[in-house]
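Report on the structure
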Amino acid sequence: MSRIIVLVGSPRKNGNTDILAKSFVEGAKIHNEVEIISVVDYKINPCKGCNACRKENNNICVQSDDMNLVYDKLKNADILVIASPVYFYGISAQLKSLIDRLHNPIRNDFAISKLGLILVGADVLDELFDSIIVQYDLIRKYFGLEDIGRVLVRGAEAKGDVYKTDGVREAFELGRRLK
Ligand SMILES: Cc1cc2nc3c(=O)[nH]c(=O)nc-3n(C[C@H](O)[C@H](O)[C@H](O)COP(=O)(O)O)c2cc1C
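In this report, the structure presented in the accompanying data block is examined. For every chain, the first residue of the written sequence is number 1, and numbering continues from 1 along that sequence. Confidence filtering applies because this is a predicted model: local features only for residues at pLDDT of at least 70, side-chain atom pairs given and counted only at 80 or more, and all residues used for totals across whole chains, interfaces and linings.

**Some thoughts on the site of the ligand**
Neighbouring the ligand are 19 residues; G15, T17, P85, G121 and D123 lie closest to it. Labels follow the DSSP assignment, with helices taken as runs of H or I lasting at least four residues and strands as runs of E lasting at least two, numbered in each case from the N terminus. Take the shell around the ligand: its biggest share by element is three residues, from helix 1 (residues 16-28). Classifying every residue of the shell around the ligand gives nine nonpolar, five polar and five charged. Using a C-beta atom placed from the backbone, a residue is scored as near a molecule or strand whenever that atom is within 6 Å of it. Here the term charged refers only to Asp, Glu, Lys and Arg, the term nonpolar to Ala, Val, Leu, Ile, Met, Phe, Trp, Tyr, Cys and Pro, and the term polar to all other amino acids, Gly among them.

This is the structure we're talking about:
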């Protein structure tokens, strides 16, 4: 049994990213503890780049916002799954803000050893996910994290379009395989 956290990066509630993340959770909860952290439910400011957390502030961010709740949850996770809509070939700004706040050395207390990726975009281009995957793999390698797999869904623009694809089943299967 692993403890899994899914970071959901869409500001659109009940949209395609939410649907995929929930399907992943349905599969993953068969053998694991799973929790979703959705960026819309948390007030998380972008990193100020002051580096105080790395120096005089002893891992404490100068910004007191909901990121403190996220740090506490991440301390108890073994597997982290990043779920995001494609925004201009990147992840959403809201999710990027949350990830940038992991510049804080508090991350050294985390026990996360595996990473997964769920992405959805409106276009059907072959290269739709390339830039995000490069970043995902670089970060994964930098922190020595194992890849649990990816679900990459093209051609889903309006809420619920993802149901017309194989993505919902693939997300469930990705979760179900985890122990
Ligand atoms: C600001 C913004 C930028 C977007 N950029 C892209 C893009 O570069 N490529 C693409 O295929 N879709 C793009 N989309 C479409 C979304 O990725 C797509 O509608 C997705 O299904 C939204 O997921 P959600 O329902 O979880 O919010 C963009 C949407 C928004 C709002």
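**Remarks on the packing of helix 1 against helix 5 (residues 167-176)**
Where helix 1 meets helix 5, the axes come as close as 6 Å, and the angle between the chain directions of the two elements is 35°. Helix-helix and strand crossings are classified by hand; for helix 1 and helix 5 the assignment is right-handed. On the side of helix 1, the interface is formed by I19, L20, S23, F24, V25, E26, G27 and A28, while helix 5 contributes G167, V168, A171, F172, E173, L174, G175 and R176. Across the contact of helix 1 with helix 5, the residue classes tally to nine nonpolar, four polar and three charged. In this analysis, axes come from line fits to C-alpha atoms, helices being fitted only over the stretch in contact, and the angle between any two N-to-C directions falls in the range 0 to 180 degrees. By definition, any crossing whose near helix is turned counterclockwise from its far helix by less than a right angle is left-handed, and any crossing with a clockwise turn is right-handed. Contact between two residues is assigned whenever their backbone-derived C-beta positions fall within 7 Å.

**A short note on helix 4 (residues 130-142)**
Helix length check: helix 4, at 13 residues, gives a terminal C-alpha distance of 18 Å against a target of 18 Å (1.5 Å per residue), a fit within 8%. Just downstream of helix 4, G144 is the residue with a positive phi angle, here 65°. A helix is expected to span 1.5 Å for every residue after the first.

**As for the environment of M67**
Position of M67 among the secondary structure elements: in helix 2 (residues 67-74). For the pair M67 and E146, spaced 79 residues apart in the sequence, the C-alpha separation amounts to 25 Å. Setting aside anything within four residues of it in sequence, one finds M67 in contact with I44, C61 and R101.

**Section: the sheet that holds strand 1 (residues 3-8)**
When DSSP finds two or more bridges between two strands, those strands count as paired. If you walk across this open sheet you meet the five strands as 2-1-3-4-5, and the pairing is parallel. The strands lining the two open edges of the sheet, one partner per strand, are strand 2 (33-38) and strand 5 (146-153). The sheet shows a mean angle of 15° between the axes of neighbouring strands, direction not considered. Judged from the five bridges that link them, strand 1 and strand 3 (residues 79-85) form a sheet pairing that is parallel.

**Describing helix 1**
Counted at 1.5 Å a residue, the expected span for helix 1 with its 13 residues is 18 Å, and the 18 Å between its end C-alpha atoms agrees. The burial label depends on the number of other C-beta atoms within 10 Å of a residue's C-beta. Counts of 20 or more mean buried, 12 or fewer mean exposed, and intermediate counts mean partly exposed, with C-beta atoms placed from the backbone. Of all 13 residues in helix 1, 11 are buried, a share of seventy percent or more. Where the residues of helix 1 are buried, they touch strand 1, strand 2, strand 3, strand 4 (114-120), strand 5 and helix 5.

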